Every structure is written in structure tokens, then in C-alpha cells.
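Listed here are the chains, written in short residue letters.
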Amino acid sequence: MTAMTGRSAGGHVVIAGAGMAGLRAAERLRAAGWDGAVTVFGAEPHLPYNRPPLSKELLAGAVGAGGVREAHAATAFRRRANIDDVVWEPGARIVRACLAAGTVTLEDGREVGCDGLVVATGLRPRRLRAPGTHPARHVLRTVEDAVALRDRLRPGARAVVVGGGFVGCEVAATARGAGCEVTVVEPMPEPMGLVLGPELGRSLRRHHEERGVRFRVGRTVTELAPDAVVLDDGSEEPADLVVESIGSLPNVEWLDGNGLDLSDGVLCDGLLRAEGRPGVVAVGDVARFPNPRYDGVPRRVEHWCVPADTARRAAATLAAQLRGEDPAAAGDAPFAPVPSFWSDQFGLRVQSFGAPGLGDRCELVEGDLRRAASGIAMVYHRDGRPVGVVLAGIPASRHRPYRDLVAGAPAPV
Amino acid sequence: MRVVVDLATCQDHGQCAIAAPEAFRINDAGALEYDGSPGEEHREHVEEAADVCPVQAITIED
Ligand SMILES: Cc1cc2nc3c(=O)[nH]c(=O)nc-3n(C[C@H](O)[C@H](O)[C@H](O)COP(=O)(O)OP(=O)(O)OC[C@H]3O[C@@H](n4cnc5c(N)ncnc54)[C@H](O)[C@@H]3O)c2cc1C
Ligand code: SF4
């Protein structure tokens, strides 16, 4: 064994991942009364920064003009004073964990002991698997990705966005705003359809099309050519650049060999404990947890609100465990957050509360689907109960009642 | 406590008004109004508001 560091008298908590979830976990551990040592290891060479601008303001060049340094400075999170004594190690990827021994191993070979572990390693982009090559393939997760893509969004450049989810549609809108010729290739009948359903998906597609974005829906990419992508109907879409926005994969390989369920992120119980492992919790995009507001099914939720919500619960759990107390008696129980997310597309703010993707029926309660920009409210029901609402172009002053509609008492499981 | 919102950065998301209605409000014109010196008893909600602002426009100065 190489030099072991970090097992201090009061105990040592390692936070794996220095994204938003890692940051919030550090803050919440202190707020939950944990005053032992905390070290945050992050694979990126940066302190935590905010990702939503990467497909919006930053990609548009409205903030963070210059290089990676400027882009990071424009998106970096502020850190609260209560974590001044937390140790940050950016540029330090964890390659392995041995939970039985209570150690993690870094890329440089260092082995670090820990009494508690917070898994906050997030996601990485899934890559397109198609034969052939294209000289300008992009993904979008990091500030480096955003700067590289931004520098290619020149007027007249032909951009093909593969995948019409939220990030794909935001990139399409931003690229179009920068003067590119933009085509979105989406295998489903409508963009963002999995979450929004076909009606609202179609409405937002129209909003994009009216602003010059082309859509090839129901199509997949089968081959890459040096200046085009080939679709499954044999047609070609000319492409000076290709943006692959086809979903993400959880960063969990470093936890292999510990008997955890890592089939889709880290499987957790309702207290965010990695199943069956005392002293290990997961937070943010990588955590798969049940939300009794809806049912008992554990799910990963890739929304910006999730790092803060899960960190609050996970920190209460871990701090109690480390004190030898019952974690179920600490913090909010049951843990049943109201998820929310937003998206900006051509100046249209889309705001969701609850879990629209779980609905089995949707109901337009405000607006005209042919004119998304003038304001739409769509409520999603599951078994006759409202579980989600999506607002497009509705000012924030009118969000509250809609949120309240889906934020009532959790349904009995 | 003292609270400052950078109104040039604020994009009227309204998340702050949900987290801390005691200090933040979106008015009928859709713009943010806030109390720059909310009572100490609201600190937890106001800190929550600063955390949930998607553009990190809220600073708590003491
Ligand atoms: C372009 C883009 C736009 C978005 N826009 C919105 C939006 O408008 N609205 C919304 O609600 N949400 C949005 N999101 C989602 C939101 O940003 C995420 O939910 C959030 O970033 C999740 O934070 P996280 O800390 O869990 O994961 P991440 O941000 O992925 O952070 C994980 C960190 O862990 C590091 N790491 C990984 N493996 C290791 C390892 N082995 N050792 C050490 N460190 C490791 C990674 O490098 C990374 O820095 C967007 C996301 C992206 C990418
Ligand atoms: S949450 Fe932030 S952006 Fe939204 S209204 Fe409040 S200060 Fe402005």
C-alpha cells in the first residue's frame, strides 16, 4: 500500500466529484454539523462551475468571452464561508474504491482513507456509434467542450445536432442565433417528447422551425462522412460540424468490484445511502433514488435542482451515521423533493415542476399550442392525479399556483 | 442580514421567490422585487434562495 493520507482523528469524508453536487454536499455536511475533515476530489482541472450556461449564454458568447479560463470564471460557483476548511483537489480523478477497506485510489496512485464517501461523479456524454469519421464532432458537458463548440458557431456553418432532447434543442437554438444552418436529427416523433409528450414537443418544434431550425424526426444517424451525416433512410445532411447530444452515461466505473448496483448510476435508498453500504451516499445526476411523491421506483434525475436537494438529504444521512446516530431520524423524511427544471430556447423560457415524464395524460390548461411564445401551460396527470406541469413563456409571477398544483402531499405508496 | 441581487444578471427565474417568499417576489410585470435587509429569522430560506438561483445572482453580504 502506498502512503495513506486523510484518516484524521475526527474522521475523514471524501467527496468524489467536484461538480455542483460535490459542492453542495460539502456545504450541507457542514450545515448538518459534520466538523471532521472533508476532501473533494475532482477529475476536471477546475473548481465547481455551473453547466446550464454552457448551452445558453456561454455558447452564445454573451458571457465568458475569451478562452477556457474566462469561460470558467464566468460560470464558477461562489463558495460559502462554511466550507473554507474543506480541501479541494481539482485535477485528481479517483480510479478505484475499496469500500470494505475504506479507501479510494487516485489516478496518480495515491491511496486515501475515508470514513465516509459521497459519490458525486455525475455523467459524461454518450457518444454516437456510427461507422465513418467526421473532423468536427462535438459533445457538451464541460467548459472546454463549450468553448470548443462556441468557436465553431460561425455564420453559415452547417451544424447537425444529433439528439433533440433539451440540451440538443438549446444548442440548436443558440447555433441558429449565431447564424448557423441548423438541422436536428431526432429518433422520436417529436423533440423533447419523452418528457413533454408529443403535443408540447410538436409545439416547441414549430417554435424552432419558425426561427429557421430544420428537424429530421423519426430518423437516426447510420454513418458519418467527412462533410455530412447519413441517416437511416439513406439521405445525407451536410455538416461542417456534428453535435452529439444523445444522452449521458453515469461515471461509476471507479466503484466497480464493491458489490453495488451500478446498472444506472448508484442505486440508493430513500436516505440516499448506496444500497446496503453504511457510510456511502450518492448525490446529483449519478444518484438513482426513489421519490415517494410518485412511487417507489428509483430513478436518476438530471436536473439542476437535484444536486442541492439530494445533498441536503445525503449530508444529513452521512453526518448522522458518522456520529453513530440513526440517519432516518435526521433531516427530512421521507425524502420527496419536487423536481424542477428550466430550459431557454430562442428566448422562450420553458419551466417544469414535478415529473411530467411520468404522466399518462396531458391537458392544455392555458394558451395555444400553435403559438408557444404567447404562453402555454400543460398539466400532466398520472392515474388521475397531477404529477407535473410545464410552462412555456409564462412569467415567473404566475408560476407559483402551478407549482403548488403538483407539490401537494405525496401519494401513499 | 444584507442581501444584494445583481439585477443585470437576474433573469427573473423566480426560484428565489419560491424558496424565500419573505424576501423575494416576482411582481405582476414579471420582474424581481426584493427586500435587501430581511430579518435574521429568514436566513435559512434566504440562503436557500441564493443556492437555487440558476444564474447565481443573489449575494448574502453578512
Ligand atoms: C450543457 C448543459 C446544460 C444544462 N442545462 C440545464 C438547464 O437548463 N436546466 C436544468 O435543470 N439542468 C440543466 N443541466 C443539468 C445540470 O447541469 C446537471 O443536472 C448538474 O450539472 C448535475 O451536477 P452533478 O454535480 O451531479 O454532476 P456533474 O456536473 O457531471 O459533476 C460531476 C463531476 O465529477 C467529476 N468526476 C467524474 N468522475 C470522477 C472521478 N472518477 N473522480 C473524480 N471526479 C470525477 C466530473 O469531472 C465532474 O466535474 C444542464 C447540463 C448540461 C451539461
Ligand atoms: S432566482 Fe435568480 S434569476 Fe430568478 S428571479 Fe431570483 S434572483 Fe433573479
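What counts and what doesn't
Residues numbered from 1 in each chain as written. Chains lettered and ligands numbered in written order. Predicted model: local features only at pLDDT ≥ 70, side-chain atom pairs only at ≥ 80, totals over all residues. Heavy atoms only, no water. Helix = DSSP H or I, 4+ residues; strand = E, 2+ residues; numbered from the N terminus. Rg over C-alpha atoms; globule rule 2.2 N^0.38 Å. Buried < 20%, exposed > 50% of the residue type's maximum accessible area, 1.4 Å probe, protein only. Near = heavy atom within 4 Å. Nonpolar A, V, L, I, M, F, W, Y, C, P; charged D, E, K, R; others polar. Axes fitted to C-alpha atoms, helices over the stretch in contact; angles between N-to-C directions. Parallel < 35°, antiparallel > 145°, perpendicular 65-115°, else oblique. Left-handed = near helix turned anticlockwise from the far one by under 90°. Contact = heavy atoms within 4.5 Å. Pairing = 2+ DSSP bridges. Polar contact = N/O pair within 3.5 Å; in protein donor to acceptor, adjacent residues only side chain to side chain. Areas by Shrake-Rupley, 256 points an atom, 1.4 Å probe, with all protein chains shown as cover. pLDDT = per-residue confidence, 0-100. Core = buried A, V, L, I, M, F, W, Y, C linked by side-chain atoms within 4.5 Å. Buried area = accessible area lost by both parts, 1.4 Å probe. Salt bridge = Lys/Arg side-chain N within 4 Å of Asp/Glu carboxyl O.

Caption draft 1: How the structure looks around the overall build of chain B. Within chain B one finds two helices and four strands. Written out in order from the N terminus, the α and β elements of chain B read β-α-β-β-α-β. Rg of the C-alpha trace for chain B: 10 Å, near the compact-globule value of 11 Å for 62 residues, within the 12% margin. A burial count over chain B gives 48% of its 62 residues as buried.

Caption draft 2: Examining the site of ligand 2 more closely. Around ligand 2 sit 13 residues, and of these C10, H13, G14, C16 and C53 of chain B come closest. For the shell around ligand 2, the class distribution of residues is eight nonpolar, four polar and one charged.

Caption draft 3: Highlighting the packing of helix α3 (residues 68-75) of chain A against helix α4 (residues 143-150) of chain A. Residues and elements named next belong to chain A. Remark: α3 packs on α4, axes separated minimally by 9 Å, with the N-to-C direction vectors making an angle of 120°. It follows that α3 is oblique to α4 by the angle criterion. The handedness of the crossing between α3 and α4 comes out as right-handed. Side by side, α3 and α4 meet where V68, A71 and H72 of the first sit next to V143, E144 and V147 of the second. Classifying every residue of the contact of α3 with α4 by side-chain character gives four nonpolar, one polar and one charged.

Caption draft 4: Broad picture of the sheet that holds strand β14 (residues 221-225) of chain A. Residue and element names in this part refer to chain A. Overall, antiparallel pairing links the three strands, which are arranged β14-β15-β16 in an open sheet. The open sheet terminates on both sides in strands that have one partner only, identified here as β14 and β16 (236-238). On average, each strand axis in the sheet is inclined to that of its neighbour by 25°, with strand direction left out of account. Of the strand pairs in this sheet, strand β15 (residues 228-231) and β16 are connected by three bridges, and their pairing is antiparallel. Pairing of A228 across the sheet is with P238, part of β16.

Caption draft 5: Structural context of the sheet that holds strand β27 (residues 385-392) of chain A. All names here are of chain A. Judged by pairing direction, the sheet is antiparallel, and its five strands sit side by side in the order β23-β24-β27-β26-β25 without closing on themselves. With partners counted over all chains shown, the strands left at the sheet margins are β23 (340-345) and β25 (361-366), one partner each. Neighbour to neighbour, the strand axes of the sheet diverge by 20° on average, direction disregarded. Pairing geometry for strand β26 (residues 376-382) and β27, over seven bridges, is antiparallel. Following the sheet pairing, I376 is matched in β27 by A392.

Caption draft 6: Expanded view of the side chain of K56 of chain A. Examined against the element boundaries, K56 of chain A turns out to sit in the loop between β3 (37-42) and α2 (57-60). In this view, K56 of chain A contacts E170, T174, W342 and D344 of chain A; residues no more than four positions away in its chain are not counted.

Caption draft 7: Region of interest: the site of ligand 1. All names here are of chain A. Lining the immediate environment of ligand 1, one finds 34 residues, of which E44, R51, K56, R141 and D285 sit closest. For ligand 1, an oxygen atom lies 2.5 Å from a polar atom in the side chain of K56. Between ligand 1 and W304, the relevant distance is 3.0 Å, taken from an oxygen atom to a main-chain nitrogen or oxygen of the residue. Its free accessible area being 1000 Å², ligand 1 has 94% of it covered by the protein chains. Going through the elements one at a time, α1 (20-31), β3, α5 (166-177) and β23 are the ones with two or more residues in the shell around ligand 1. Class assignment of the residues belonging to the shell around ligand 1 gives a composition of 17 nonpolar, nine polar and eight charged.

Caption draft 8: Examining the packing of α1 of chain A against helix α7 (residues 305-322) of chain A more closely. Residues and elements named next belong to chain A. Where α1 meets α7, the axes come as close as 8 Å, and the angle between the chain directions of the two elements is 45°. When the axis of α1 is compared with that of α7, the two are oblique. Helix-helix and strand crossings are classified by hand; for α1 and α7 the assignment is right-handed. Residues M20, A21, R24, A25, R28 and L29 of α1 form the contact with α7, whose participating residues are P307, A308, A311, R312, A315, L318 and A319. Of the residues assigned to the contact of α1 with α7, the class counts are ten nonpolar, no polar and three charged.

Caption draft 9: Summary view of the confidence of the model for chain A. Model confidence for chain A is summarised by a mean pLDDT of 94, while 97% of its residues fall at 70 or above. Scored below 50 in pLDDT, residues 1-8 of chain A makes 20 contacts in the model with residues more than four places away or belonging to other chains.

Caption draft 10: Broad picture of the nonpolar core. Residue and element names in this part refer to chain A. If you look at the biggest cluster of nonpolar residues, it comprises 58 residues, and the most contacted ones within it are I15, L29, L117, V118, V119, L255 and V266. With seven residues, the single largest contributor to this core is α7. Beyond its immediate sequence surroundings of up to four residues, L255 is in contact with A97, L117, V119, L260, L262 and V266. Among the nonpolar cores identified, the runner-up in size contains 25 residues, and Y49, L59, A71 and A159 belong to it.

Caption draft 11: Region of interest: the interface of chain B and chain A. Each partner contributes to the interface: chain B provides 22 residues, whereas chain A provides 22 residues. Interface of chain B and chain A: buried area, both sides summed, is about 1700 Å²; carbon and sulfur atoms make up 40% of it. On the chain B side of the interface with chain A, the three residues burying the most area are I18, D51 and Q56 of chain B, jointly 36% of the side's total. At the boundary of chain B and chain A, one finds seven salt bridges. The salt bridge involving D51 of chain B is made with R24 of chain A; its shortest N-O contact spans 3.9 Å. Taken together, chain B and chain A are joined by 13 residue pairs in polar contact (both at pLDDT 80 or more). Of all the secondary-structure elements, those providing two or more residues to the side of chain B that touches chain A are α1 (15-19), α2 (43-52) and β4 (58-60) of chain B. Sort the elements by how many residues they give to the side of chain B that touches chain A and α2 of chain B lands first, with five residues.

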